[in-house]
Structure formats: C-alpha cells, structure tokens
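Okay, here's what each chain looks like letter by letter:
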Amino acid sequence: EDLRSEGGTVRAGCCSSCLTGGPETAASRTLTKDLDTLVQHIDDLLEAAKPAREKNLERLHEDLKEVFPNLEVTEYGSTATQMALPDSDLDCVVVPDKTSETIITTKAEMVSVLEKIVARLETKDWVSDLVFISTASMPVIKFVGFGGVHVDLTCLWHRHA
C-alpha cells in the first residue's frame, strides 16, 4: 500500500519504506507496529496522569492566591507542550496577573517571594519532599504533589507585552 499523500509527503504512522523509498519488509512492519504501540501506551499513561497534574495546578493556584492575590500559576515545559513522558515533572511558573503592578527585578526579590511560597506549601498535606533551591541561577521549589506528581515551581514576576 502506498502511504504517501498525493503531494509526496509521508503521512503519520508510515512505515520505514515510506521514509527510505525502499521496499517494506516484515521487519519494518514489525518496527512500525511496535512504535505505534509504544506511542499509544505513552499517550494512555499521560492521559491517566492528567487529572493529578490538573489537581496540582488547581491547588497551587488556590493555596498561593491566599498569600499573593495578584499571581497566577501557569504550566510550561514538556507537559504544556505535550512532549512529556510519563515520568516528566510538572513545570510551573508563578507570574503576575494582569492587574499586578509588582515587578521583581532581582534574584534576591525572587528568592524572597519563593521563600514565602515555601512557607505556605510547608503547611499543606498534599505537598511532600519539599526542597527549595535558592542558589540555582533560576531559583526553584521542588516537591511531590497529588498523585505522586513531581512539581517544579519557579517565579517570573513581570509580563512581557
């Protein structure tokens, strides 16, 4: 079966012969089937982990809003771009909401904000293994949240227009 579109481009899920122009072999069919099975398995695992990731984001937003009413917690990184693997962590960043006039311009100011967040998270029963790495070039809070999801939380306090 010719798996090329009329324009000559390879469709998703094609076998190696489409990529190489060579004849399809039993080995290439097996490899294609195995890769499709692996991708589907990873997609299933990520879909199963989605509720726990979403719950972590919701709780972070709710709990931190009590300390910093003008902030938002936003997901970024591999889970946000849908390039995550099942054991990928949840990367989050604290950013000002559109009404905030607060701008953090130094690392010391960022560390101060993150220290307050750490103090808040230390009181939460849904957070475990909490570590604050203040000496990193981009200070980060690391912890394990709902569903065993590993969370990295950092801070960006100004919005780019």
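In the block above lies the structure referred to throughout.
Residues numbered from 1 in each chain as written. Predicted model: local features only at pLDDT ≥ 70, side-chain atom pairs only at ≥ 80, totals over all residues. Heavy atoms only, no water.

Chemist: Even after reading the chapter, I still don't get the environment of Thr 32, so can you show me in this structure?
Modeler: Position of Thr 32 relative to the elements: it lies in helix α2 (residues 26-65). Assessed through its relative accessible area of 14%, Thr 32 is described here as buried. A polar contact is formed between the side chain of Thr 32 and the backbone oxygen of Ser 28, at a distance of 2.9 Å. (Helix = DSSP H or I, 4+ residues; strand = E, 2+ residues; numbered from the N terminus. Buried < 20%, exposed > 50% of the residue type's maximum accessible area, 1.4 Å probe, protein only. Polar contact = N/O pair within 3.5 Å; in protein donor to acceptor, adjacent residues only side chain to side chain.)

Chemist: What am I meant to see in the pattern of salt bridges here?
Modeler: Side chains that carry opposite charge are capable of pairing whenever their charged atoms lie near each other. The final tally for this structure, using the stated rule, is five salt bridges. Here Glu 66 and Arg 120 are joined by a salt bridge, their closest N and O atoms 1.8 Å apart. Highlighted residues: Glu 66 in the loop between α2 and β1 (71-76) and Arg 120 in helix α3 (residues 107-121), separated in sequence by 54 residues. Where Lys 142 meets Asp 152, a salt bridge forms, and the shortest distance between an N and an O atom there is 2.9 Å. Pair noted here: Lys 142 is in strand β4 (residues 140-144) and Asp 152 is in strand β5 (residues 150-155), with a separation of 10 residues, a long-range link. Look at the salt bridges and you will find they share partners, linking Arg 59, Glu 62, Asp 63 and Lys 124 into a network. (Salt bridge = Lys/Arg side-chain N within 4 Å of Asp/Glu carboxyl O.)

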